[in-house]
Amino acid sequence: MAPIDATYAITGASGRLGGRVARRLAAAGVAQTLLARTPSRAPQLPGAIAVPGAYDDHEALVAALRGTDRVLMVSASESPDRLRDHRTFVDAAARAGVAHLVYISFYGASPDATFTLARDHWHTEQHIRAAGVPFTFLRDNLYADFMPALVGADGAIRGPAGDGRAALIAQDDIADAVVAVLRDPLPHAGRTYELTGPEALTLTDVARTLTAVGGRPVTYVPETTEEAYASRAAYGAPDWQVDAWVSTYTAIADGSLATVTTAVQDLTGRRATSLAEVLRTGSEGASSP
């Protein structure tokens, strides 16, 4: 393992994934810098210092990252400007002389990915490569923790996923994989890992598991793509966001998210966590129509 006095910087520590990583590092006695748009919102952790680090503030990022050995870059909040902000962060990391950047990307990221937000991740990956910062890309499948939030008030999951499958992954597994790479980055330099759970599930499988674990009947009701757009129109969201919501399901439908990998076990030394196990721990999911 690389020197124990390496310096660490973590983004997204006030969120679910970055916070998991920061807490794991703190529990291991690792000092770290937490970059945050609002430092007061960062968690209070032993050995951690919170500093300004908004993704659109190049100079603040350079100051926060200067000379840092290992940096976790959690993707910015979804917005029309996310790719621009990602590029600003990467340029700052390069200028600051970051020794290794771990970027949280998305499973199957490509310029023409069915899931529209995966395209931003691909372009971010290309910018990191071009910037010359040593990197590891961790491409996460859909969060298993997110599945309860798909259920409507009537107990139904609705979307155009058909009989397609997704290899859902637990956020705790992602955090463990991140920590494994951060603590010993050299073997992972220049590598891309597609992180998945232990099995690929249909949304019918997901509904069945939610019912079995939670005790509340849940069903999956397939929609056509047209029905999905119509049913989400009432939210008044911008077109890019509705496209992202709907394409989550169409990416499941066309098999884009179905392949199961061993990356979690390869990186952490233990098997990936199933959806049922995630639900039993009571992990929180994010909300989305």
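Residues numbered from 1 in each chain as written. Predicted model: local features only at pLDDT ≥ 70, side-chain atom pairs only at ≥ 80, totals over all residues. Heavy atoms only, no water.

**Student:** Account for the overall build of the protein chain, naming residues and giving values.
**Tutor:** Counting its regular elements, the protein chain contains 10 helices and 9 strands. By the compact-globule yardstick of 19 Å for 289 residues, the protein chain fits well, its C-alpha radius of gyration being 19 Å. Expressed as lengths along the three principal axes of its C-alpha atoms, the size of the protein chain is roughly 50 × 35 × 35 Å. Residues classed as buried in the protein chain amount to 51% of the 289 residues present. Summarising the internal contacts of the protein chain: among those between residues at least 6 apart in sequence, 76% fall at separations of at least 24. (Helix = DSSP H or I, 4+ residues; strand = E, 2+ residues; numbered from the N terminus. Rg over C-alpha atoms; globule rule 2.2 N^0.38 Å. Buried < 20%, exposed > 50% of the residue type's maximum accessible area, 1.4 Å probe, protein only. Contact = heavy atoms within 4.5 Å.)

**Student:** Hey, could you go over the pairing of strand E5 (residues 100–106) for me, with residue numbers and the actual values?
**Tutor:** Where a strand is regular, its side chains alternate between the two sheet faces. By the criterion of burial, E5 is predominantly enclosed, with 7 of the 7 residues buried. With burial as the criterion, each face of E5 is covered, one bearing His100, Val102, Ile104 and Phe106 and the other bearing Leu101, Tyr103 and Ser105. Two elements, strand E4 (residues 70–73) and E5, share 4 bridges in a ladder whose sense is parallel. Of the residues in E5, the one forming a bridge with valine 71 is leucine 101. Taken together, E4, helix H3 (residues 82–96) and E5 constitute a β-α-β crossover, and its handedness is right-handed. Bridge count between E5 and strand E6 (residues 135–140): 6 bridges; the pairing is parallel. Within the sheet, the bridge partner assigned to valine 102 lies in E6 and is threonine 136. (Pairing = 2+ DSSP bridges. Right-handed = clockwise from strand over helix to strand, strands pointing away.)

**Student:** Outline the sheet that holds strand E2 (residues 32–36), supporting the account with residue identities and numerical values.
**Tutor:** Reading across the sheet, the 7 strands line up as E3-E2-E1-E4-E5-E6-E8 and stay open at both edges, with parallel pairing between neighbours. Lying at the two open borders of the sheet, with one neighbouring strand each, are strand E3 (48–52) and strand E8 (191–195). Taking the axes of each pair of neighbouring strands and ignoring which way they run, one obtains an average angle of 20° across the sheet. Its contacts with the sheet put helix H4 (residues 117–131) on E4, E5, E6 and E8, and the angle it makes with E5 is roughly 160°. (Axes fitted to C-alpha atoms, helices over the stretch in contact; angles between N-to-C directions.)

**Student:** Report on the pattern of salt bridges, specifying residues and quantitative values.
**Tutor:** Applying the stated criterion to the full structure yields 17 salt bridges. A salt bridge links aspartate 145 to arginine 20; the shortest N-O distance between them is 3.8 Å. Remark: arginine 20 occurs in helix H1 (residues 16–27) and aspartate 145 occurs in the loop between E6 and strand E7 (156–159); sequence separation between them is 125 residues. Residues arginine 232 and glutamate 223 are paired through a salt bridge, measuring 3.0 Å at the closest nitrogen-oxygen approach. (Salt bridge = Lys/Arg side-chain N within 4 Å of Asp/Glu carboxyl O.)

**Student:** An account of the confidence of the model for the protein chain is needed here, citing residue identities and associated values.
**Tutor:** The predicted model of the protein chain has a mean per-residue pLDDT of 95, with 96% of residues at 70 or higher. Across residues 283–289, where pLDDT falls below 50, the model places 22 contacts with residues more than four positions away in sequence or in other chains. (pLDDT = per-residue confidence, 0-100.)

**Student:** Got a sec to walk through the pairing of strand E1 (residues 8–11)? Specific residues and values, please.
**Tutor:** Side-chain alternation along E1 places Tyr8 and Ile10 on one buried face and Ala9 and Thr11 on a second face that is also buried. One ladder, built from 3 bridges, connects E1 with E4; its direction is parallel. Paired with isoleucine 10 across the two strands is leucine 72, which belongs to E4. Across 3 bridges, the pairing between E1 and E2 is parallel. Within E2, the position partnered with threonine 11 by the bridge is leucine 35. Taken together, E1, H1 and E2 form a β-α-β motif whose crossover is right-handed.

**Student:** Give me the lowdown on H3, citing residues and values where you can.
**Tutor:** A rise of 1.5 Å per residue sets the reference length of H3, with its 15 residues, at 21 Å; its end C-alpha atoms lie 21 Å apart and thus fit the reference within 8%. Where H3 is concerned, the buried positions are Arg82, Leu83, Asp85, His86, Thr88, Phe89, Val90, Ala92, Ala93 and Ala96. Buried positions along H3 lie against E1, E2, helix H2 (58–65), E4, E5 and H4. Looking at the residues trailing H3, positive phi occurs at glycine 97, about 80°. (Expected span 1.5 Å × (residues − 1).)

**Student:** Account for the packing of H3 against H4, naming residues and giving values.
**Tutor:** A packed helix pair is summarised by two numbers, namely the angle formed by the two axes and the spacing between the axes. Here H3 crosses H4 at 20°, and the two axes come no closer than 10 Å. In terms of axis orientation, H3 runs roughly parallel to H4. Between H3 and H4 lies a crossing of right-handed hand. Counted together, Arg82, Leu83, His86, Arg87, Val90, Asp91 and Ala94 of H3 and Leu117, Asp120, His121, His123, Thr124, His127, Ile128 and Ala131 of H4 form the full contact between these two elements. Counted by class, the contact of H3 with H4 contains 6 nonpolar, 5 polar and 4 charged residues. (Parallel < 35°, antiparallel > 145°, perpendicular 65-115°, else oblique. Left-handed = near helix turned anticlockwise from the far one by under 90°. Nonpolar A, V, L, I, M, F, W, Y, C, P; charged D, E, K, R; others polar.)

**Student:** Which residues make up the environment of serine 77, and what values go with them?
**Tutor:** Topologically, serine 77 is positioned in the loop between E4 and H3. Taking relative accessible area as the criterion, serine 77 reaches 64% and is therefore assigned exposed.

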